[in-house]
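Examining the three-dimensional arrangement
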Amino acid sequence: MEAMTNTVKAWMENPIKFARSHGVPLSSVPDVANPDKQIHILIVEGFLLYNYPPLLDVFDKCYYITVPYEECKRRRSTRQYTVPDPPGLFDGHVWPMYLKHRKEMEDSGLSFEDLDGLKSKDEIYNQVYEDIQNSLLNRL
């Protein structure tokens, strides 16, 4: 987590330099002459990101996809693991840890938008894309 935090902060200092030094291609930007007008977006995705205090101050927008217990359990049961889950793991560990970490995240005071994990991937994508677009338009 510390390495990820350092990487995110390095990107924030200079997104163009960071991308070039890591071999990440940059999309064409209309106003290359004025880097201050360029908009750079970094999406940080991962398990328990909102429970790691050193990262909390770097997020501009936070989204959290939720699914109800029954759907989460159903999806977990359809996964194919090399070593299968032992009986009772979901109810005895996975779901209780989800609830624990969700509560910690809520108690941290972090502002985040809940996304309905029962919606299609396209619907979730479009909701987030529209929200980010609106945020950027309101900044200008």
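Since this is a predicted model, take the numbers as computed values, not measurements.

Conventions and cut-offs
Each chain has its residues counted from 1, running along the sequence as written. The predicted origin of the model limits local features to residues at a pLDDT of at least 70 and limits the giving and counting of side-chain atom pairs to 80 or more, whereas totals for whole chains, interfaces and linings rest on all residues. Excluding hydrogens and water, the side-chain figures rest on all heavy atoms present in the structure. For our purposes a nonpolar core is just a set of buried Ala, Val, Leu, Ile, Met, Phe, Trp, Tyr and Cys residues, chained together by side-chain atoms within 4.5 Å. A simple rule labels every residue: compare its accessible area, found with a 1.4 Å probe on the protein chains alone, to the largest value its type can have, and call it buried under 20%, exposed over 50%, or partly exposed in between. Here, residues are in contact when the closest pair of their heavy atoms is within 4.5 Å. A pairing counts as a salt bridge when a side-chain nitrogen of Lys or Arg comes within 4 Å of a carboxyl oxygen of Asp or Glu. Elements are defined by DSSP. Helices are runs of H or I of four residues or more, strands are runs of E of two residues or more, and each kind is numbered from the N terminus. By this rule the span expected of a helix is its residue count minus one, scaled by 1.5 Å. Within this analysis, the arc is defined by the directions that extend from the helix axis to the C-beta atoms. Nonpolar side chains (Val, Leu, Ile, Met, Phe, Trp, Tyr) within 5 Å and like charges within 9 Å form the patches, drawn only from residues with over 30% relative accessible area and no salt bridge. Here the accessible surface of atoms and residues is derived via Shrake-Rupley with a 1.4 Å probe, and residues count as covered only by protein chains that are part of the display.

A separate point is the nonpolar core. Formed by Val8, Leu49, Tyr50, Leu55, Val58, Phe59, Cys62, Tyr64, Met105 and Leu110, the largest nonpolar core amounts to 10 residues. Not counting residues up to four positions away in its chain, the partners in contact with leucine 49 are Met1, Met4, Val44, Leu55, Leu56 and Phe59.

Turning to the pattern of salt bridges, a few remarks are in order. Any two side chains of opposite charge can pair, so long as their charged atoms come close to each other. By the definition in use, this model includes nine salt bridges. Here arginine 76 and aspartate 85 are joined by a salt bridge, their closest N and O atoms 2.8 Å apart. Its salt-bridge partner being lysine 103, residue aspartate 107 comes within 2.8 Å of it at the nearest N-O pair. Within this pair, aspartate 107 and its partner lysine 103 are both found in helix 5 (residues 89-107), separated by four residues, close to a single helical turn. Members of the salt-bridge network, linked through shared partners, are Glu71, Arg74 and Arg75.

Another aspect to go through is helix 1 (residues 2-13). In this model helix 1 runs 17 Å from its N-terminal to its C-terminal C-alpha over 12 residues, within 8% of the 16 Å that 1.5 Å per residue would give. Of the positions making up helix 1, those classed as buried are Thr5, Val8 and Trp11. All buried residues of helix 1 project into a common sector of 125 degrees when viewed along the axis, lining one side. Turned more than 90 degrees away from the buried face of helix 1 sit Glu2, Ala3 and Glu13, all of them exposed.

Its location among the elements puts proline 15 in helix 2 (residues 15-21). A relative accessible area of 15% places proline 15 in the buried class.

Taken together, the side chains of Ile39, Ile41 and Ile43 define a hydrophobic patch exposed on the protein surface, amounting to about 310 Å² of accessible area. Positionally, isoleucine 43 belongs in the loop between helix 2 and helix 3 (53-56). For isoleucine 43, a relative accessible area of 71% puts it in the exposed group.

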